[in-house]
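# An overview of the molecular structure
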Amino acid sequence: MDIRKIRLDEGGKAHSSEARDEYEKDYARLVQSPAFRRLQGKSQVFGAGTGDYYRTRLTHSLEVSQIARELARRLHRTHPFLQKPEHPGLMMEPEVVECAALAHDLGHPPFGHKGEEVLHRLLSRRHGMPYEGNAQNFRILMFLEKRAGSDSGLDLTAAVLLAINKYPFCLNEPGVTKGVYEMEWEGGIRMLRELWGMPEGRATLEAQLMDLCDDIAYSTHDIEDGIRAGKILMSPGFFEDDRLAALIVQEIEHDPSGPNRAWDGIDRERMTAMVKRALSEYYEQWTTVYRETGREPSRTRREMKARWVGLFASRVGILDDGQGWKRVTFVRDGAEDMDLLRTMEILKKLAWVTLIKDFRVQRLQKRSEIMLTRLWESFSDRETGKLLLPPDWVESYERQKGSWPWERLAADYIAGMTDAYAEKVYTELFASRSGSIYERD
């Protein structure tokens, strides 16, 4: 038995070709799922529908999967221990990493990170339950999504499920802010990790690579979108502004994801100097590429993105973590490249403080907060919600109500919405509109 290819619902009947590899089945189940299609209508940075240029969660996931697949192939060729695996969590199969990258953002609700923040606040303050995008991934993949022959999730292989599990913790554990809801943790993830003999708190190499490729995409593609939108101004005055450096330092110090080991032992003064140097070097590179491309901004944007993705990708390697496991990270001269890790983090924060913190974006986020809160208030009351939610959702709750409360169902329904559909339902409930009630959703 190949424990990487087992499925939690082996008894489920499915009509599929036996000629296909198990990971090919996973890929098909993912890309043909409604949850994957809905990513086209969910915000990455700019609201979905803002323009035909900017990335959505769907295009972001596709780009992450492309980077991850190519890097997995290279790492498999260049690291001999991967060709003679001694542990199921220390393998690097491109098909697995690709599937994980395609699925890594399924749990994000409408309106980007603001949607996640709002749903978590509503659930935790009023009902003592968390909402977390990574945990919602597993709720979708293991329960909410449906496929032929099964009423409970997509039934992906163990390798793909654990490659998505970049935070291998149960959210019920004290101090854990990112992980897996208890229902899915106890319903299979913990068992798979025990079957594999995974060290506590450690992610598989495939999950680590997917996570790093996600960061590479964020730190390059979001900046490209920001420059195109005019939020990141390619001028000396913008990059030399002390306020910009101070904002980036503040975001690094107060990152909600927790302390970043790349900054261990770095005080604020030294961190500020590093941020200013990275910003200066980025702008100097822009001016050079701008001249090389005939002073065409669109070509310069694409070339800058390609060069940074190429630089990050060329440094990805695998090292011993000093605790009996291995780490996927940037490597230079046989050691972890902390300078490049810090540079990537600075570029991520540059995109964050100039895009998300822009007052116009904040106004849109406030609007989305109001919409999601009022939708929640409409659906979270069980008796009212049963009249407003689609019948199949209510029927699913009645079958499973011993396992999860109504409030989780309301959050599931809202989280599955695209930006446009959330606005549509909000308009139906709270604004006058024309049209027929028989229009199909």
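None of these values were measured; they are calculated from a predicted model.

### Some remarks on the side chain of Thr-373
You can see Thr-373 is positioned in helix α16 (residues 359-379). Note on Thr-373: relative accessible area 14%, which makes it buried. A polar contact is formed between the side chain of Thr-373 and the backbone oxygen of Glu-369, at a distance of 2.8 Å. Beyond its immediate sequence surroundings of up to four residues, Thr-373 is in contact with Val-118, Arg-121 and Leu-122.

### Some remarks on the pattern of salt bridges
Considering all chains together, one arrives at 40 salt bridges under this definition. Close ionic contact of Glu-117 with Lys-114 constitutes a salt bridge, the shortest N to O distance being 3.0 Å. Of this pair, Glu-117 and Lys-114 are both found in helix α6 (residues 112-127), 3 residues apart, which corresponds to roughly one turn of the helix. Owing to a relative accessible area of 41%, Glu-117 belongs among the partly exposed residues under this scheme. A relative accessible area of 11% means that Lys-114 is categorised as buried. A salt bridge links Glu-184 to Arg-139, with the shortest nitrogen-to-oxygen separation between them at 3.6 Å. Placement of the pair is Glu-184 in helix α9 (residues 182-196) and Arg-139 in helix α7 (residues 133-144), with a sequence separation of 45 residues. Neither Glu-184 nor Arg-139 differs from the other in exposure class; each is buried. Residues joined by salt bridges that share partners form a network here, namely Asp-215, Asp-255, Glu-345, Lys-348 and Lys-349.

### What about unusual backbone geometry?
Positive phi, close to 60 degrees, is recorded for Arg-295, a residue that is not glycine. Following the sequence through the fold, Arg-295 ends up in the loop between α13 (268-292) and α14 (297-314). Residue Asp-333 is not a glycine yet carries a positive backbone phi of 55 degrees. Mapped onto the fold, Asp-333 is located in the loop between β2 (326-332) and β3 (335-336).

### Considerations on the sheet that holds β2
Spatially, β1-β2-β3 is the arrangement adopted by the 3 strands of the open sheet, whose pairing is antiparallel. Only two strands of the sheet have a single partner each, and these edge strands are β1 (316-320) and β3. Inspection of the sheet shows β2 paired to β3 by 2 bridges, in the antiparallel sense. Along β3, the bridge assignment pairs Arg-332 with Ala-335. Of the strands in this sheet, β2 and β3 touch helix α15 (residues 338-356), which is tilted by about 95 degrees from β2.

Procedures and definitions
Residues numbered from 1 in each chain as written. Predicted model: local features only at pLDDT ≥ 70, side-chain atom pairs only at ≥ 80, totals over all residues. Heavy atoms only, no water. Helix = DSSP H or I, 4+ residues; strand = E, 2+ residues; numbered from the N terminus. Buried < 20%, exposed > 50% of the residue type's maximum accessible area, 1.4 Å probe, protein only. Polar contact = N/O pair within 3.5 Å; in protein donor to acceptor, adjacent residues only side chain to side chain. Contact = heavy atoms within 4.5 Å. Salt bridge = Lys/Arg side-chain N within 4 Å of Asp/Glu carboxyl O. Pairing = 2+ DSSP bridges. Axes fitted to C-alpha atoms, helices over the stretch in contact; angles between N-to-C directions.

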